[in-house]
Amino acid sequence: MINPLDRTARKYKNLKILMFNHEFPPIGGGGGWVSYFLGKHFAAAGHDVHLITSQFRDCPKDEAVEGFHVHRVPALRKSPDVCAVHEMLTYAVSSSLYGLQFAKKFQPDIVQVFFGIPAGGGAYLLRKLRKVPYIVFLGGRDVPRRDPDPSYYRWLYLLLKPIIRSIWSGASGVIACSDGLRQLAQETDTDVKIDVIPDGLDLGRFEPVKRNTCPEKVRILTIGRLIPRKGFQFLIRALPQIIKEATHSFEIEIVGDGPYQTELLRLAGDLGVASHIHFSGSVPYAELPEKYRDADLFILPSLAEGMPLVVLEAMGTGLPIVASRVQGIDELVVENVNGALFNPGDVDELAHCLVKLIDAGERRIEMGKASTERVKPYDWKRIADAYLNLYKEVSSRQ
């Protein structure tokens with residue numbers, strides 16, 4: 001398989017790019033930010049870019065963001081953090097109808113879909129009715145897996161697999177954000193050709209800082225939506241063991257909101273570890289670099305990922321990483337080089353890894369420096385160029 005990142009960047013004619021994503025800041029997680037950064041860099045390169053996303057509360061129906069255009073269509077979205085299945089369905093319908101109408105006047109050269117479900121329907125129709133090629137970005141939960149969270153997705157995947165295969169097979173390109181996710185996707189469709197283009201990082205915003213080898217307290221940071229899939233419950237369950245075994249004082253800050261917060265607070269109280277954890281709630285993206293700079297160590301105990309932006313951002317600021325061994329993460333974190341890995345859901349192994357890094361002292365600083373070096377190839381401009389290379393190849397075939 002040829003990685004688009006290995007292709008030499010080329011000059012392009014100005015393209016008309018139409019993007020579909022049911023999530024875009026201020027709603028959703030990393031996938032929304034991927035479309036933000038790609039749209040920003042596509043526009044900076046002189047391309048005409050429009051994104052169709054979900055309407056949410058008082059967000060403008062149409063606005064210009066970093067040089068590209070955002071259109072919000074009706075969707076029954078209640079929470080900024082979690083999108084229910086029926087809410088995705090409303091976006092799928094309204095974005096498809098809006099996309100067909102908008103494409104009449106916009107005449108896109110190519111369509112970029114973020115998550116085949118729920119965003120692929122509009123692109124599929126444009127391909128059938130108007131011969132517009134489209135590219136599908138695979139981000140995580142849009143790819144069927146054997147043990148999904150929530151568990152009822154198992155039945156949903158059975159229902160949606162024929163649709164997912166049709167959307168992938170109709171695409172002019174399918175992109176996974178990690179090699180592990182590509183392998184998982186090929187369990188659903190062994191015939192589909194999938195390129196790997198990783199997610200990226202704003203290296204100018206997330207810069208390394210000098211850290212103390214022996215702070216008064218080791219500050220442990222984690223960031224994510226408070227949902228079971230992110231695995232914060234395992235971190236809390238590991239705390240009694242960590243408190244017992246770590247020789248250095250530490251504190252944990254959890255940044256993020258979500259429906260699982262009440263359960264996490266109850267669990268921390270029941271285990272008597274609430275004094276070691278601070279829930280900061282949702283933090284504006286512009287303030288996240290400061291959170292990383294104030295930390296000594298980053299942990300992400302997820303059950304499943306595509307390629308988490310928060311790990312890239314933490315690495316950019318020079319943090320060592322403790323994380324679960326899942327798709328995307330195991331391509332960023334190397335054991336004993338820039339962090340430690342544990343099997344997802346393994347509380348004892350999580351505790352062991354975290355204790356090792358809490359007490360690592362100078363070695364923790366060296367691991368943070370290794371993170372900074374490992375993340376340099378993930379600059380967003382380079383990632384955007386890889387997408388544009390693929391768009392150019394598709395356009396030339398058309």
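The structure we're discussing is the one just above.
Read on for a plain summary of the structure.

1. Quick look at the nonpolar core
Judged by nonpolar contacts, the single largest core of 98 residues is most densely connected at Phe42, Trp168, Tyr292, Phe298 and Val311. In terms of nonpolar packing, the next biggest core, distinct from the first, is built from 35 residues, Val218, Ala246, Ala268 and Met367 among them.

2. Quick look at the packing of aromatic side chains
For the coordinates displayed, the defined rule picks out 17 aromatic pairs. Between tryptophan 33 and tyrosine 285 the ring centres are 3.9 Å apart and the planes differ by 20°, which places this aromatic pair in the stacked class. Taken as a pair, tryptophan 33 in helix α1 (residues 30-44) and tyrosine 285 in the loop between β11 (277-281) and α8 (288-293) lie far apart in primary sequence, 252 residues in all. Summarising the aromatic geometry, the rings of phenylalanine 206 and tyrosine 285 are spaced 6.0 Å apart at their centres and angled 70° between planes, so their arrangement reads as edge-to-face. Highlighted residues: phenylalanine 206 in the loop between β8 (194-196) and β9 (218-223) and tyrosine 285 in the loop between β11 and α8, separated in sequence by 79 residues. Residue tyrosine 285 is classed as buried on the basis of its relative accessible area of 11%. An aromatic cluster is built from Phe24, Trp33, Tyr36, Phe37, Phe68, Phe206, Tyr285, Tyr292, Phe298 and Trp380, whose rings are joined through pairwise contacts.

3. Observations regarding unusual backbone geometry
Backbone phi values are negative for most residues with the exception of glycine, while trans is the configuration of most peptide bonds. Cis geometry is adopted by the peptide bond preceding proline 26, which originates at proline 25 and carries an omega value of 20°. Notably, glutamate 66 is not glycine yet its phi reads approximately 55°, a positive angle. Locating glutamate 66 in the fold gives a position in the loop between β3 (62-65) and β4 (68-73). Given a relative accessible area of 43%, glutamate 66 falls into the partly exposed group.

4. Looking at the sheet that holds strand β2 (residues 48-54)
Spatially, the eight strands line up as an open sheet ordered β3-β4-β2-β1-β5-β6-β7-β8, and their pairing is mixed. Pairing within the sheet leaves two strands with one partner each, and these edge strands are β3 and β8. Pairwise comparison of adjacent strand axes, ignoring direction, gives a mean angle of 25° for this sheet. The pairing of strand β6 (residues 134-138) with strand β7 (residues 173-176) spans four bridges and is parallel. Of the residues in β7, the one forming a bridge with isoleucine 135 is glycine 173. Against the sheet, helix α2 (residues 85-106) contacts β1 (16-20), β2, β3 and β4, and its axis sits at roughly 155° relative to β2. Packing against the sheet, helix α4 (residues 153-170) makes contact with β6 and β7, and its axis sits at approximately 130° to β6.

5. Focus on the pairing of strand β12 (residues 297-300)
Burial of β12 is two-sided: the residues Leu297 and Ile299 facing one way and the residues Phe298 and Leu300 facing the other way are all buried. With two bridges joining them, β9 and β12 adopt parallel strand pairing. Looking at β12, one finds that leucine 221 is bridged to phenylalanine 298. The handedness of the β12 to strand β13 (residues 321-324) crossover, carried by helix α9 (residues 309-316), is right-handed.

6. Details of the packing of α2 against helix α3 (residues 116-130)
At a closest axis distance of 7 Å, the pairing of α2 and α3 adopts a crossing angle of 30°. The angle between the axes of α2 and α3 places the two elements in the roughly parallel class. Classified by chirality, the crossing of α3 by α2 is right-handed. Contacts from Met88, Tyr91, Ala92, Ser96, Gly99, Leu100, Ala103 and Lys104 in α2 reach Pro118, Ala119, Gly121, Gly122, Leu125, Leu126, Leu129 and Arg130 in α3. Of the residues assigned to the contact of α2 with α3, the class counts are 10 nonpolar, four polar and two charged.

7. With respect to α1
With 15 residues, α1 extends 21 Å between its outermost C-alpha atoms, agreeing within 8% with the 21 Å of an ideal straight helix rising 1.5 Å per residue. All buried positions along α1 are accounted for by Gly31, Gly32, Val34, Ser35, Tyr36, Phe37, Leu38, Gly39, Phe42 and Ala43. Two residues or fewer after α1 comes glycine 46, characterised by a positive phi angle close to 100°.

8. Digging into the sheet that holds β13
Spatial ordering of the open sheet is given by β11-β10-β9-β12-β13-β14, a layout of six strands whose pairing is parallel. In this open sheet, the two strands that pair with only one neighbour each are β11 and β14 (339-342). Neighbouring strand axes in the sheet, compared pairwise and without regard to direction, differ in orientation by 20° on average. Sheet topology note: the β13/β14 ladder contains four bridges and is parallel. Bridge assignment links alanine 323 to a residue of β14, and that residue is leucine 341.

Definitions and cut-offs
- Residues numbered from 1 in each chain as written.
- Predicted model: local features only at pLDDT ≥ 70, side-chain atom pairs only at ≥ 80, totals over all residues.
- Heavy atoms only, no water.
- Core = buried A, V, L, I, M, F, W, Y, C linked by side-chain atoms within 4.5 Å.
- Buried < 20%, exposed > 50% of the residue type's maximum accessible area, 1.4 Å probe, protein only.
- Phe/Tyr/Trp six-rings, centres within 6.5 Å; stacked < 30°, edge-to-face > 60°.
- Helix = DSSP H or I, 4+ residues; strand = E, 2+ residues; numbered from the N terminus.
- Pairing = 2+ DSSP bridges.
- Axes fitted to C-alpha atoms, helices over the stretch in contact; angles between N-to-C directions.
- Contact = heavy atoms within 4.5 Å.
- Right-handed = clockwise from strand over helix to strand, strands pointing away.
- Parallel < 35°, antiparallel > 145°, perpendicular 65-115°, else oblique.
- Left-handed = near helix turned anticlockwise from the far one by under 90°.
- Nonpolar A, V, L, I, M, F, W, Y, C, P; charged D, E, K, R; others polar.
- Expected span 1.5 Å × (residues − 1).

Keep in mind these values describe shape, not function.
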